[in-house]
Structures are given as structure tokens and as C-alpha cells.
Amino acid sequence: MLVRWDQALGIDTPTLIAWTAHHGTIKLLFEIAYSVVSLELMLLPALLAILHYEKQLNEYLLVLSSVAIVGSLIYYFFPTAAPASVFDSSYFLHFQEDTVLKFQQIHHYIQPTTTEGGMIAFPSFHVIWAVMCAWVLREKWWLFVPVALTNLIAIIATVMLGWHYLVDALAGIFIAFLAVMVVNLCFLRHKKNQYR
């Protein structure tokens, strides 16, 4: 179904992956940006705590918790595998093929033989994290600008490197913004209650 949705949007995943593979500098940039998002996810809470950005740390933790619940529920009821499970391309990395193997083993109740790669294709948690990490830094321009630029490249990379379908990325953006809106409403409600 995800392939059909992407094709309806004019996306041909094998062609995108091949194009990226033939442009080494762009591929390297995509790979670095994609990897940086995982580092941000781990380091950002510590950085926010060190800088005493308590509000941003609370927002980060609330958004992270809510997207983990929503994304996991979607995956539970609608388990999906990444493009490497559908398309045959020599440009997929062994990590992407390991992700497919792990997905198939888990969904056939077989002990996984690999811990490499992720599990969830729809929605893209990488995209969710990229949006979330940039959003949390929105009031600190000296942090926001480099993180937002890197994470924009990472979002594009999720599709161009073949980790996700475009639909996965769009769903990730939607879920991240939905979580951000809910957290903003919670903080506004909390502020109003403080001044009563």
C-alpha cells in the first residue's frame, strides 16, 4: 500500500536510491545528516539540562513520549517494512537488508538474528525526531538554525537513501506537528492555571 501511495505521488524509490548512489558527495551528506539525528536524540536532553533550558527539556520529553506512544500504536495495528523489503536494488545497505530480515523474523515469531537497523517504516521515527529536535530549539536561534538545516537534509535523506517511503516521511512530519500542537496546548493550559 505504501508503494502505491508513493507511486501516486510520482515517487519511484529505486530510481531515487540509484540517483543518490551515483552522487557520492550528496550521498555522504545525506548519510551524515541521517546519522546526526540519532545523536541529537541522545545528546539534546543533556544539552538542555546543562544550559538550564527547563521549559525546552520538558517539551522535549513530553513530545518524545507522545510520539513514541502514537507511532508505536500505528505500527502495532499497521506493521510496515521499509523499501528494502519490496524493491530489489544493489544500492540498499546491508543495514537496510538486516532491517527487513529482522522485521520478517519478528513477525514470523522467529528469534531475530540481527539487531541492525530499525523496525518501523510508517511513520518514520527519524523524521519525527528530526522535526522534534529542531522545534525544541526554536527559541535559541544559535542552536536552531544548524539543527534545522541538518534535520531538513536528514528528512530528505530518509527517502533518498531508501530508508523510508515518502509517505512515511510525510506521516512523520504530521505526527510530529500534531504532538507539538498538543504539547503547546498543555503548556498554555498550565500557564493559565498558574495565574488563576
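Placed above this text is the structure.
Model, not experiment: these values are computed from the prediction. (Residues numbered from 1 in each chain as written. Predicted model: local features only at pLDDT ≥ 70, side-chain atom pairs only at ≥ 80, totals over all residues. Heavy atoms only, no water.)

Here we come to the nonpolar core. Counting 33 residues, the largest nonpolar core has Leu 48, Tyr 60, Val 63, Ile 128, Trp 129 and Met 132 as the members making the most contacts within it. Mapped onto this core, the elements with two or more residues apiece are α3 (24-50), α4 (54-77), α6 (125-136), α7 (141-160) and α8 (166-194). Each residue touching Trp 129, except ones within four places of it in the same chain, is listed here: Val 37, Leu 41 and Leu 64. (Core = buried A, V, L, I, M, F, W, Y, C linked by side-chain atoms within 4.5 Å. Buried < 20%, exposed > 50% of the residue type's maximum accessible area, 1.4 Å probe, protein only. Helix = DSSP H or I, 4+ residues; strand = E, 2+ residues; numbered from the N terminus. Contact = heavy atoms within 4.5 Å.)

With that settled, the discussion passes to helix α2 (residues 13-21). Residues of α2 that are buried: Thr 13, Ile 17, Ala 18 and Thr 20. The buried residues of α2 occupy one face: seen down the axis, they fall within an arc of 160°. Among the structural elements, α1 (2-8), α3 and α7 are those in contact with the buried residues of α2. (Arc of directions from axis to C-beta.)

Under the counting rule described, the total for this entry stands at 5 salt bridges. The shortest N-O distance in the salt bridge between Glu 139 and Lys 55 comes to 2.9 Å. Separated by 84 residues along the polypeptide, Glu 139 in the loop between α6 and α7 and Lys 55 in helix α4 bring together distant segments of the chain. The exposure class of Lys 55 is partly exposed, given its relative accessible area of 33%. Between Arg 138 and Glu 139 there is a salt bridge, with the nearest N and O atoms lying 3.9 Å from each other. The network of salt bridges with common partners includes Lys 55, Glu 59, Arg 138 and Glu 139. (Salt bridge = Lys/Arg side-chain N within 4 Å of Asp/Glu carboxyl O.)

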